[in-house]
Amino acid sequence: MVRILSIETSTAVLSVALSEDRTVVCERVCTEARQQAALTAPLVKEVLDEAGLAIRDCDAVCVSAGPGSYTGLRVGVSTAKGLAFGAQIPLLAVSTLDILVAGALSGSGRCEESFIVPMLDARRMEVYAAVYNAAGECLTPVEATIVGPESYAGYLDRGRVLFVGDGAVKCRGVITHPNASFREAFPLARHMAPLALDAFRAGRFQDVAYFEPFYLKDFVATVSKKQLW
C-alpha cells in the first residue's frame, strides 16, 4: 500500500486529501477564496489527525504543480516541500489540468465527449488550457489562450468537446458550436490520488530544493493607486 498526502491550492478552492493507493481515506475542502496561506497547514493537520497518522507515516507528498494562481501555487509548493523535507519522504507534482481531467473522468472513468479541454481562469477571456482525448491523454501543450468564437473549432468539428474548469463557464457565450458543452469545476486533491500513485510508482520524484511551480506566465506586480499618506 502506498500512502500519499495530496495538496491542491492552484485556484479559489483549497483542498487536501490522504489516499491509500487509489482510495481517498479522508479529505478537507475549503471553498472560501484566498484562504491558502491561512488554512493549508491547518487542513493538512486535520487530515492527518483524522487518519491518526503523522506525515512521516506517508510514503510521499504530492502537490498541484500549476498552472494557476501565483500565490496559491507558491503556498502549496512551499507547504509540500516543507513536509517532504521534514519527513524525508519524496515530493511528487502533477499538472493542475491533469487533475481537472481526472475529475471529469472520475466515477466511470469514461467520457461521452471526444475531447476534454480543461480551462483555468486567467482573467478576462484568457484561460490556461490544453486539449485531451476521452482517455485523458494530453494532445497539446498547455497554453495561455484568449478564447474567441473560432477557438477549438477544429476539435469541435470532429466531435463533442467538454470544456471543464473555472474558466469554462465564461466561454459559454463565446463558443457556441453545437458540439460544445461546459462544466464548472475546480481541481481537487481527491482527484490527485491516481495521478500521484502513478508518479510514485514511476519514480517521478521532484527535487525538494529546486522544484518550482509551472506558472506559465510571469508574475507581474502592480503599484497600488490608493493614497497611503
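Residues numbered from 1 in each chain as written. Predicted model: local features only at pLDDT ≥ 70, side-chain atom pairs only at ≥ 80, totals over all residues. Heavy atoms only, no water.

## Looking at the overall build of the chain
Spelled out, the test is: Numbering of helices and strands runs from the N terminus, with a helix taken as a DSSP run of H or I at least four residues long and a strand as a DSSP run of E at least two residues long. With the radius of gyration taken over C-alpha atoms, the globule rule is written as 2.2 Å times the number of residues to the power 0.38. Think of it in three bands: with a 1.4 Å probe and only protein chains considered, a residue is buried below 20% of the maximum accessible area for its type, exposed above 50%, and partly exposed in between. Only heavy atoms matter for contacts: two residues are in contact if any of them lie within 4.5 Å across the pair.
The number of helices and strands found in the chain is five helices and eleven strands. Relative to the globule expectation of 17 Å for 229 residues, the C-alpha radius of gyration of the chain, 18 Å, shows essentially globular dimensions. Overall size of the chain, expressed as C-alpha extent along the three principal axes, is 60 × 50 × 30 Å. Taken across its 229 residues, the chain has 48% of its residues classed as buried. Excluding contacts between residues fewer than 6 apart, the proportion of contacts in the chain whose partners are at least 24 apart in sequence is 63%.

## What about the layout of surface pockets?
For clarity, the cut-off: Whether a set of points on the 1 Å grid over the protein atoms alone is a cavity depends on a 1.4 Å probe fitting there but being unable to get out, while an open set qualifies as a pocket with protein on both sides within 12 Å along at least five of seven lines; lining residues are those with an atom within 4 Å of a point. Grid points are joined across faces, edges and corners, and a volume is the space filled by probe spheres set on the points. Polarity classes work like this: nonpolar for Ala, Val, Leu, Ile, Met, Phe, Trp, Tyr, Cys and Pro, charged for Asp, Glu, Lys and Arg, and polar for all others, with Gly in that last group.
Quantified by volume, the second largest pocket comes out at close to 180 Å³. Every element with two or more residues in the lining of the second largest pocket is listed here: helix H1 (36-51) and helix H2 (70-87). Among the residues making up the lining of the second largest pocket, the classes are represented as three nonpolar, five polar and one charged.

## Here we look at the packing of aromatic side chains
Note the cut-off: Each Phe, Tyr or Trp ring (for Trp, its six-membered ring) is paired with any other whose centre lies within 6.5 Å, and the angle between the two planes then decides the class: stacked below 30 degrees, edge-to-face above 60, tilted in between.
For the structure shown, the criterion picks out five aromatic pairs. For the pair Tyr70 and Tyr215, a centre-to-centre distance of 4.6 Å together with 25° between the ring planes defines the contact as stacked. Here the residue Tyr70 occupies a position in helix H2, and Tyr215 occupies one in the segment after helix H5 (193-202), the gap between them amounting to 145 residues. Exposure remark for Tyr70: the relative accessible area of 31% places this residue in the partly exposed category. Residue Tyr215 is classed as buried on the basis of its relative accessible area, which comes to 16%. An angle of 65° between the planes, with centres 5.7 Å apart, marks the rings of Phe200 and Phe205 as edge-to-face. Taken together, the ring pairs connect Tyr152, Phe163 and Phe182 into an aromatic cluster.

## Side note on the side chain of Arg3
Checked against the element boundaries, Arg3 lands in strand E1 (residues 3-8). In this structure Arg3 touches Leu18, Ser19, Glu20, Leu53, Asp57, Cys58, Asp59 and Ala60, once residues within four positions along its chain are discounted.

## Quick notes on the pattern of salt bridges
Let me state the cut-off plainly: Just to be clear on terms, a salt bridge is a Lys or Arg side-chain nitrogen sitting within 4 Å of an Asp or Glu carboxyl oxygen.
Applying the stated rule across the entire model yields eleven salt bridges. Residues Arg190 and Glu27 are paired through a salt bridge, measuring 3.1 Å at the closest nitrogen-oxygen approach. Linking Arg190 in the loop between strand E11 (180-183) and H5 with Glu27 in strand E3 (residues 23-30), this pair joins segments that are 163 residues apart in sequence. A relative accessible area of 33% means that Arg190 is categorised as partly exposed. Residues Arg28 and Glu50 are paired through a salt bridge, measuring 2.6 Å at the closest nitrogen-oxygen approach. Note that Arg28 is positioned in strand E3 and Glu50 in helix H1, a separation of 22 residues in sequence. Arg28 gets classed as partly exposed once you look at its relative accessible area, which sits at 24%.

## A short note on unusual backbone geometry
Following Gly66, the chain continues to Pro67 via a peptide bond in cis, the omega torsion being 5°. Position of Pro67 among the secondary structure elements: in the loop between strand E4 (60-64) and H2. Unlike most non-glycine residues, Arg124 shows phi in positive territory, near 45°. The residue Arg124 is located in the loop between strand E6 (115-121) and strand E7 (126-129) in this model. If you check the backbone angles, Tyr152 has positive phi at about 65° while not being a glycine. Note on Tyr152: relative accessible area 15%, which makes it buried.

## Focus on the environment of Val127
Mapped onto the secondary structure, Val127 falls in strand E7. When its relative accessible area of 0% is taken as the criterion, Val127 is described as buried. Linking Val127 and Gln206, residues 79 residues apart in sequence, is a C-alpha distance of 27 Å. If near-sequence neighbours (up to four positions away) are discounted, Val127 is found in contact with Met119, Leu120, Ala122, Glu143, Ala144, Thr145, Val147, Gly167, Lys170 and Cys171.

## Notes on the pairing of E11
Every other side chain in a regular strand lies on the same face of the sheet, so the side chains alternate between the two faces. To keep it simple, the criterion reads: A strand pair is defined by DSSP finding two or more bridges across the two strands.
Alternating residues of E11 divide into Ala180 and Phe182, all buried, and Ser181 and Arg183, none buried. Bridge count for strand E10 (residues 161-164) against E11 is four bridges, and the pairing is parallel. Within E11, the residue paired with Val164 across the bridge is Arg183.

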